[in-house]
Amino acid sequence: FTAAGAGNLVLFFDEADSLFGKRSEVKDAHDRYANLEVSYLLQRLERYDGVVILATNFEKNIDDAFIRRIHARIDFSVPSAEPRREIWVQHLPSNAPLAADVDLDGLAARFELSGGSIRNAAVNAAFSAVEDGASIGMIHLLSGVERELRKQGRLIKRDDFPELFTAR
């Protein structure tokens, strides 16, 4: 905080819920120490003159004292099918070797993914295609999507990925 204040810098905390989590009832020394950390951060934020950005997927886990001090909030919802298709296009550049079976319209319509998940799926598909010595095909893209959904803890059903289950 001191260095950022001296340099007139923006502070960015990714996964802010892990640092700015709700204080809990004190049952042992660990709870007391965790609560002291949250209280200390709250004091430092109060005194900081610059811009502070908190990013989280779990806003409900952030202590209410921090939430009350937030001046602006931006919610990034999952894009609809058309913007998802554009995100796929952006992460599969025109010079990327795409197989003829690639259907980005269908992919965007079938799977509600965030931009970050689409990027990860596209990168994973590209690496899988290189490993196979092939162009990026629908099987690679679907495999990338399946991997992203699994990372999110979402249930994978055979009906959602019939192409993968018949290819295995």
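In the block above lies the structure referred to throughout.
What counts and how
- Residues numbered from 1 in each chain as written.
- Predicted model: local features only at pLDDT ≥ 70, side-chain atom pairs only at ≥ 80, totals over all residues.
- Heavy atoms only, no water.
- Helix = DSSP H or I, 4+ residues; strand = E, 2+ residues; numbered from the N terminus.
- Buried < 20%, exposed > 50% of the residue type's maximum accessible area, 1.4 Å probe, protein only.
- Contact = heavy atoms within 4.5 Å.
- Expected span 1.5 Å × (residues − 1).
- Arc of directions from axis to C-beta.
- Patch = residues over 30% accessible without salt bridge, like charges linked within 9 Å, V, L, I, M, F, W, Y side chains within 5 Å.
- Areas by Shrake-Rupley, 256 points an atom, 1.4 Å probe, with all protein chains shown as cover.
- Salt bridge = Lys/Arg side-chain N within 4 Å of Asp/Glu carboxyl O.
- Lys, Arg positive; Asp, Glu negative; His and termini not counted.

Let us now look at the environment of D160. Locating D160 in the fold gives a position in the loop between helix 8 (138-151) and helix 9 (162-167). Residue classification places D160 among the partly exposed residues on the basis of a relative accessible area of 29%. Spatially, the C-alpha atom of D160 lies 51 Å from that of T2, the residues being 158 residues apart in sequence. Other than its neighbours up to four places away in sequence, D160 contacts R110 and F111.

Once that is clear, we can look at helix 7 (residues 115-132). Side chains three or four residues apart in an α-helix point the same way, a direct result of the helix having 3.6 residues per turn. With 18 residues, helix 7 ought to run about 26 Å at 1.5 Å a step, and its terminal C-alpha atoms sit 26 Å apart, in line with that. Turning to helix 7, its buried residues are S117, I118, A121, A122, N124, A125 and A129. All buried residues of helix 7 lie within an arc of 165° about the axis, which places them on one face of the element. Of the exposed residues in helix 7, the ones pointing more than 90 degrees away from its buried face are F127, V130 and E131. Turning to helix 7, the residues buried within the fold contact helix 5 (81-91) and helix 8.

Following the sequence through the fold, V78 ends up in the loop between helix 4 (64-68) and helix 5. Along the chain, V78 and S114 lie 36 residues apart, while their C-alpha atoms are 5.0 Å from each other. Excluding residues within four positions of it along the chain, V78 makes contact with R84, E112, L113 and S114.

With that settled, consider a nonpolar patch on the surface. Residues V10, F12, V51 and I53 make up a contiguous nonpolar surface patch of roughly 370 Å² in combined accessible area. Position of F12 among the secondary structure elements: in strand 1 (residues 11-13).

Quick look at the side chain of R84 now. Looking at the secondary structure, you find R84 in helix 5. E112 is the oppositely charged side chain nearest to the buried, salt-bridge-free R84, at an N-O distance of 5.1 Å. With sequence-adjacent residues up to four places away left out, R84 is seen in contact with V78, P79, A108, A109, F111, E112, L113 and I118.

These figures come from the coordinates and say nothing about function on their own.
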